[in-house]
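So the chains spell out like this:
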Amino acid sequence: MEVTCLLLLALLPLHCRAQGVYAPAQAQIVHAGQACVVKEDNISERVYTIREGDTLVLQCLVTGHPRPQVRWTKTAGSASDKFQETSVFNETLRIERIARTQGGRYYCKAENGVGVPAIKSIRVDVQYLDEPVLTVHQTVSDVRGNFYQEKTVFLRCTVNSNPPARFIWKRGSDTLSHSQDNGVDIYEPLYTQGETKVLKLKNLRPQDYASYTCQVSVRNVCGIPDKAITFRLTNTTAPPALKLSVNETLVVNPGENVTVQCLLTGGDPLPQLQWSHGPGPLPLGALAQGGILSIPSVQALDSGYYNCTATNNVGNPAKKTVNLLVRSMKNATFQITPDVIKESENIQLGQDLKLSCHVDAVPQEKVTYQWFKNGKPARMSKRLLVTRNDPELPAITSSLELIDLHFSDYGTYLCVASFPGAPVPDLSVEVNISSETVPPTISVPKGRAVVTVREGSPAELQCEVRGKPRPPVLWSRVDKEAALLPSGLPVEETPDGKLRLERVSRDMSGTYRCQTARYNGFNVRPREAQVQLNVQFPPEVEPGSQDVRQALGRPVLLRCSLLRGSPQRIASAVWRFKGQLLPLPPAAPGAGEPSDHSELRLDAVTRDSSGSYECSVSNDVGSAVCLFQVSAKAYSPEFYFDTPNPTRSHKLSKNYSYVLQWTQREPDAVDPVLNYRLSVRQLNQHSAMVKAIPVRRVEKGQLLEYMLTDLRVPHSYEVRLTPYTTYGAGDMASRIIHYTEPINSPSLSDNTCHFEDEKICGYTQDLTDNFDWTRQNALTQNPKRSPNTGPPTDVSGTPEGYYMFIETSRPRELGDRARLVSPLYNASAKFYCVSFFYHMYGKHIGSLNLLVRSRNKGALDTHAWSLSGNKGNVWQQAHVPINPSGPFQIIFEGIRGSGYLGDIAIDDVTLKKGECPRKQIDPNKVVVMPGSGVPHQPRPQLWGPVAIFLLALQR
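Anyway, here's the lowdown on the structure attached to this text. (Residues numbered from 1 in each chain as written. Predicted model: local features only at pLDDT ≥ 70, side-chain atom pairs only at ≥ 80, totals over all residues. Heavy atoms only, no water.)

### Some points on the overall build of the chain
Item 1. A count of helical and extended segments in the chain gives 2 helices and 72 strands.
Item 2. The buried share of the chain, taken over its 955 residues, is 44%.
Item 3. Within the chain, contacts between residues at least 6 apart in sequence are counted, and of these 69% link residues at least 24 apart.
Item 4. For the chain, the accessible area works out to roughly 50,400 Å², and carbon and sulfur atoms hold 51% of it. (Helix = DSSP H or I, 4+ residues; strand = E, 2+ residues; numbered from the N terminus. Buried < 20%, exposed > 50% of the residue type's maximum accessible area, 1.4 Å probe, protein only. Contact = heavy atoms within 4.5 Å. Areas by Shrake-Rupley, 256 points an atom, 1.4 Å probe, with all protein chains shown as cover.)

In structure tokens form, the structure reads like this:
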């Protein structure tokens, strides 16, 4: 009879609903992973609480047709913060080992092009508790004298936590409070936001010298344990004190070995010493051991501040700093400054002239300068003055001033900078003063004002400087505010006036400024010029690729447009069909001017004209291609994922059927769909069932339906669906269908949960119990499992059938509890009946309880049914009446007995409205396991009625 029914189901025809099912996206965020608490009482503020280091799993459940695309974004915690992309574009957001910085509001955005996108959010609150830090301080007035023999002491305990921690102070093992000891005061300082508690010891007494413990707690939220830190206060407790073995400023020569010792002169407990360097880390090769810092073969780059810090959590840390200066000199420059008073820019006899010399040195103030004229030391006189630290020039600059310049003052001047007595080479710079010494001019060589190059090629921008001496040329960009040069610098110096660019890109196009420097030449107003750089690059076109569909016999216009390029014009356009060159399209009126597009018109789409068209557009620099795929084939179907309860199971036969629904994408774009080719293949199998499904005229938005039958529980299948028109096969669509059981809901007529899919009908593991229920079948059982306990199969007796059970082997202990919690049901009737099968076999069986959790004003659990002890190797059925007064959940609680032979299992859970059967038999139904030794119950014989029915069918 069962086979006959299945064969009839396989012949069910295609069913169509002539209605538009396109619907905008809707979304709902559900949580999984390792949540501690999820507060959903306030709809506008859903909060997901998770422990730092656990795994965050958020799912965005969507409905709508076509299937919406999901995108996750995040803000840092408030609506005013900018969005941060999470780079997650699927329905599940998973973050392994979540950090506190990843807390905040997460947004799920679902859109399918119909209506407005759906956006839902949930706030993720990451819980953590760091190790506390305890520091000890005294009042400012007690700095003199012994630190802790009198006056007041403050013990400050600080911790980072979420939620704010609760503090407990202890002296020894006794908890301290205001009311029990007048000598202590406990308070929270201002502006610490619950992160600090201070224990104040007023006017120290002998009993105050003791061990103090600061214990912090977040009240075991998310299972985070309490933490504590202890400090022993004595009459010798003191803050750290330091001294250095060298001066605070240490000047050394390059190549020397440097050793600095930081000596402790006080502190109890014994302080910890640490060396640091600013800026940056300690030099490579430096060794900090205890209070000794050693730097071998020191170099100029090692100059900087070295800090020795001592801490013992008493008072403020002690800190000593050494400013290490490694002697060095670089960048010798000179300046020629004409008579400033007369605002002259040229050297003229009878006017004043100033020559300046500067080097960058460490230490700068130790540099000495010496001037020479024509190889001999320059002698001071009334007309020749040598000054230092000119306020108009950089610090530590030497200037030679010539008053009332004479012809005899012409000559070669040499400035030598040195470190007396140090093994640092001298630096010198030479200046020639004559009638030929003139200020600079700058210009762009003829034909070089505009430089045009192709992208990726090198480019050279040039400015010519005339004058004596010739100063360096400084390059910068003009047309872009705060723009940097390709080198990454705002200004770049070139000694020869040429700016060389490697592999130029289009964003380098623009105006560049060249100007004379005010050093190594005349100290006058800079001269400047400009160069235009044009970077040519190949065209960019649209569409890059386009799928063009049209019914047979209808015309098509293909258009390839130039988006950008340099030059911004089409020099040539070539069309090809399947790689073969096509004749040039006829020129449009007014086509003599450069165009920004090219078109090709097909008078009629045929099988012969269907295929790949290519338009190659060139602008003399390069080319780009528009690709068009022209055909009359139908678009792919759009599977409908919002079918209510598409799976219909037949537990005893281990078969299930599936309602497959879809719409046709743009059915009017091509010829009408005549039929569909359906292919159904079980995953991990090669063979597939293929069937043709004829259809009538398909409208846009029309929901089509087909019943898939003879699918095996709990296997998944790949379904492929291909539309056919007079042109032939269209685009195929595929999807995977899984066996799923409906989430238990009293509104369903058939709501038995067989636990055949991994979602276990929406049941969840309780987070407050000791261990979890396990889903398994005879094929997934552990071959080394304990014998003489637990069921060999599920209720149906088939090896593929799943059930839920508790494993009571180690490390489980007596009294451990496992709880399986149902979804939340909205009570719509006065009475309900919970029916289920249980298996309690083994000499150490504990208890199986059924609880009802009421969710009216909070979570309140009440016992509805309980059973304990060994009940034999049989599946037995129970019917439990309940009468919830509001929203409720049911809970299956398994309790471990005295030993490992105590596995308890459940299967086929049903929740129905109304009262349970009046005639209660305990057990109500017995399903005997093979080899159990339990006698078979007599059953009615059905051979007679079945035979008569089959004979009637044949007649």
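### So, the state of the cysteines
Item 1. This model, assessed by the stated rule, comprises 8 disulfides.
Item 2. Paired by a disulfide, C262 and C308 hold their sulfur atoms 2.1 Å apart. Sign of the S-S torsion, about -95° for the bond between C262 and C308, identifies this disulfide as left-handed. A residue pair is termed long-range when its members are at least 10 positions apart, and C262 in strand β22 (residues 258–268) and C308 in strand β26 (residues 304–311) qualify at 46 residues. For the pair shown, C262 and C308 are each scored as buried.
Item 3. For C753, the disulfide goes to C761, at an S-S distance of 2.0 Å. With the S-S bond torsion at 90°, the cross-link from C753 to C761 turns out right-handed. As far as the burial class goes, C753 and C761 line up, both buried. (Disulfide = S-S within 2.5 Å.)

### Some points on a nonpolar patch on the surface
Item 1. Among the surface-exposed residues, M380, L385 and V386 lie close enough to one another that they form a single nonpolar patch of about 240 Å² accessible area.
Item 2. For L385, the location among the structural elements is in strand β32 (residues 384–388). (Patch = residues over 30% accessible without salt bridge, like charges linked within 9 Å, V, L, I, M, F, W, Y side chains within 5 Å. Salt bridge = Lys/Arg side-chain N within 4 Å of Asp/Glu carboxyl O.)

### As for the sheet that holds strand β46 (residues 545–549)
Item 1. In space, the 5 strands of this open sheet follow the order β46-β52-β51-β48-β49, with mixed pairing throughout. Strands at the two margins of the open sheet, each flanked by one partner only, are β46 and β49 (580–581).
Item 2. Examined bridge by bridge, strand β51 (residues 611–618) and strand β52 (residues 623–631) share 8 bridges and lie antiparallel to one another. Pairing of C615 across the sheet is with C626, part of β52. (Pairing = 2+ DSSP bridges.)

### Notes on the sheet that holds strand β20 (residues 238–244)
Item 1. The antiparallel open sheet is built from 4 strands, whose spatial order is β20-β22-β25-β24. Of all strands in the sheet, those with a lone pairing partner are β20 and β24 (287–289), marking the two edges. On average, each strand axis in the sheet is tilted by 15° relative to the strand beside it, whichever way the strands run.
Item 2. Direction of pairing for β20 relative to β22: antiparallel, over a ladder of 5 bridges. Residue pairing in the sheet places A241 in a bridge with G266 of β22. (Axes fitted to C-alpha atoms, helices over the stretch in contact; angles between N-to-C directions.)

Distances and angles like these do not, on their own, reveal function.
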